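In case you want the letters, here they are:
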Amino acid sequence: MNAVRHIATDLYQLLFPDLCSGCGSNLVQSTQLLCLRCEQKLAEYQFHGSPGNRVEKIFYGRLNIEAASCAYYFSKESLVQHLIHQLKYESHISLGHWLGRQLGIHLRNTGRFDAVTAIVPLPLFKRKEKKRGYNQATILCEGVRSVMPVTLCATSVIRNRVSATQTRKSRWERWQNVADIFSIRDASALEHQHVLLIDDVITTGATLEACGSVLQQIPGLKLYIATLAFADL
Ligand SMILES: [Zn+2]
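A quick note: this is a predicted structure, and the numbers were derived from the prediction, not measured. Each chain carries its own residue numbering, running from 1 in the direction its sequence is written. Thresholds applied to this predicted model are a pLDDT of at least 70 for local features of residues and 80 or more for the giving and counting of side-chain atom pairs; totals over whole chains, interfaces and linings are not thresholded and use all residues. Hydrogens and water are ignored here; the side-chain numbers use all heavy atoms of the structure.

**Q** Hey, could you run me through the pairing of strand 1 (residues 67-74) in this one?
**A** Looking down a regular strand, the side chains alternate between one sheet face and the other. Among the eight residues in strand 1, seven count as buried, and that is most of the element. Strands were regarded as paired on the criterion that DSSP finds at least two bridges between them. Secondary structure elements are defined from DSSP: runs of H or I of at least 4 residues count as helices, runs of E of at least 2 residues count as strands, and each element is numbered from the N terminus. One ladder, built from seven bridges, connects strand 1 with strand 7 (residues 222-231); its direction is parallel. What sits directly across from Cys70, in strand 7, is Thr227. For each residue, the accessible area found with a 1.4 Å probe, counting protein chains only, is set against the maximum for its type, and the residue is called buried under 20%, exposed over 50%, and partly exposed in between.

Here it is as structure tokens:
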């Protein structure tokens, strides 16, 4: 897995050396990923993770969570969408790590995730992960971990199948669509832990709800949820 990931990263950097991942302009330093203008633009999409924020509201009456938040608003044709697309479909792993790091900094700044001890990426169906070569949520987790003292538990939960697209379904239909989609493979590392479940984008929240409800069957587990972006579509 790591070998595939590193090849993907190297390939990306070979194809697009020293160009801004946001706008494609030349970068002053090759260690940067975004130019100053794109970094400033990204800040405009910043999400505020105060209690009762829009991500938390999604789970009201559905899941008992300690806190939930995300780093950015996501809209069609936005810079945030463009960056996430590169993480998901163009193997831009270093960008994913950088975005995960931004998410970690955001979570730290809210002061509401300090008790988190373990992070769990929303699992992909095995065949899908194999085809992509990586799980984008795991890449984000690796970035989060670089700024938060947490243990990454990427194999505790597994996904039994893919779910059909969630749009144009009622809430009940969406729930049926994702019920039994996840199972716990190894609960030992998560018992009595403060667990943060992470995904790239939240839309209806149905998939995160399904995974979260499975996690909450583990004794003593306290649940937190964070995504890189909130789809404001
Ligand atoms: Zn740029």
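Alright, that's what it looks like, and here's the rest.
**Q** Looking at this structure, I do not really get the coordination of the zinc ion. What am I missing?
**A** Here the zinc ion is held by Cys20 (SG), Cys23 (SG), Cys35 (SG) and Cys38 (SG), and the distances to it run 2.3 Å. Taken together, the four donor atoms surrounding the zinc ion define angles of 105 to 114 degrees at the centre, an arrangement classified as tetrahedral. Sites may look incomplete, because water is not among the atoms used; the donor set itself consists of N, O and S atoms within 2.8 Å of the metal (3.2 Å for Na, K and Ca). All donor residues of the zinc ion come from one chain, and their arrangement in sequence is C-x2-C-x11-C-x2-C. You'll find Cys35 and Cys38 in the same group, each marked buried. Irregular is the default label, applied whenever a site is not tetrahedral (four donors, all angles between 85 and 135 degrees) and neither square planar nor octahedral (four or six donors, opposite donors over 155 degrees apart, all other angles between 65 and 115).

**Q** Which parts of the structure should I look at to understand the pattern of salt bridges?
**A** Where charged atoms from two side chains of opposite charge approach closely, those side chains can pair. Salt bridge, as used here: a side-chain nitrogen of Lys or Arg that lies within 4 Å of a carboxyl oxygen of Asp or Glu. Tallied over the entire structure, the rule returns three salt bridges. Ionic pairing is found between Asp200 and Lys88, a salt bridge with its closest N-O pair at 3.4 Å. Taken together, the positions of Asp200 in strand 6 (residues 194-202) and Lys88 in helix 4 (residues 79-89) put the pair 112 residues apart, joining distant regions of the chain. You'll find Asp200 and Lys88 in the same group, each marked buried.

**Q** Before we go on, may I ask you to explain the sheet that holds strand 3 (residues 151-152) in this structure?
**A** Sheet strands associate in pairs through backbone hydrogen bonding, adopting either a parallel or an antiparallel arrangement. In spatial order, the strands read 1-7-6-2-3; together these five strands make up an open sheet with parallel pairing. Both edges of this open sheet fall to strand 1 and strand 3, since each of them pairs with a single strand only. Pairing of strand 2 (residues 118-121) with strand 6 involves four bridges; the strand directions are parallel. When the bridges of strand 6 are listed, Ile119 appears paired with Leu196. Contacts from helix 4 reach strand 1, strand 6 and strand 7, with the element oriented near 105 degrees to strand 1. Sitting on the sheet, helix 9 (residues 206-215) is in contact with strand 6 and strand 7, with an inclination near 170 degrees to strand 6. Contact definition: two residues touch when any of their heavy atoms are within 4.5 Å. Axis geometry follows a simple rule: fit a line to the C-alpha atoms, using only the stretch in contact for helices, then measure angles between N-to-C directions, giving values from 0 to 180 degrees.

**Q** Would you take a moment to explain the packing of helix 5 (residues 93-110) against helix 7 (residues 136-145) for this structure?
**A** Packed helices, taken two at a time, are described by the angle between their axes plus the distance between the axes. Between helix 5 and helix 7, whose axes approach to 6 Å, the crossing angle comes to 55 degrees. One way to sum up the angle between helix 5 and helix 7 is to call them oblique. For the pair helix 5 and helix 7, the sense of crossing is right-handed. For the pair helix 5 and helix 7, the contacting residues are Ile93, Gly96, His97, Leu99, Gly100, Arg101, Leu103 and Gly104 in the first and Ile139, Leu140, Glu142, Gly143 and Val144 in the second. Reported orientations rely on four angle classes, namely roughly parallel under 35 degrees, roughly antiparallel over 145, roughly perpendicular from 65 to 115, and oblique for the rest. By definition, turning the near helix anticlockwise from the far helix through less than a right angle yields a left-handed crossing, and turning it clockwise yields a right-handed one.

**Q** I would appreciate a short explanation of the nonpolar core in the present structure.
**A** In summary, soluble globular proteins display a tendency toward joint burial of nonpolar side chains. Among the buried residues, those of types Ala, Val, Leu, Ile, Met, Phe, Trp, Tyr and Cys that are joined through side-chain atoms within 4.5 Å form a nonpolar core. Counting residues in each nonpolar core, the largest one holds 43 residues, and the members touching the most others are Ile119 and Leu196. Put simply, the parts of the chain that give this core at least two residues each are helix 2 (36-43), strand 1, helix 4, helix 5, helix 7, strand 6 and strand 7. In terms of residue count, helix 5 provides more of this core than any other element does, six residues in total. With residues up to four places along the chain from it excluded, the contact list for Ile119 reads Cys141, Val144, Arg145, Val150, Thr151, Leu152, Cys153, Leu196 and Ile198. One finds Leu63, Val120, Val157 and Ala210 within the second-largest nonpolar core, a separate group that totals 31 residues.

**Q** What's the story with the environment of Ala229 in this structure? I'm lost.
**A** Turning to its location among the elements, Ala229 is positioned in strand 7. Considered as a pair, Ala229 and Val55 are 174 residues apart in the sequence and their alpha carbons are 9.6 Å apart. Leave out the neighbours within four places in its chain, and Ala229 touches Cys70, Tyr72, Phe74, Val80, Ile84, Asp200, Val201 and Ile202.

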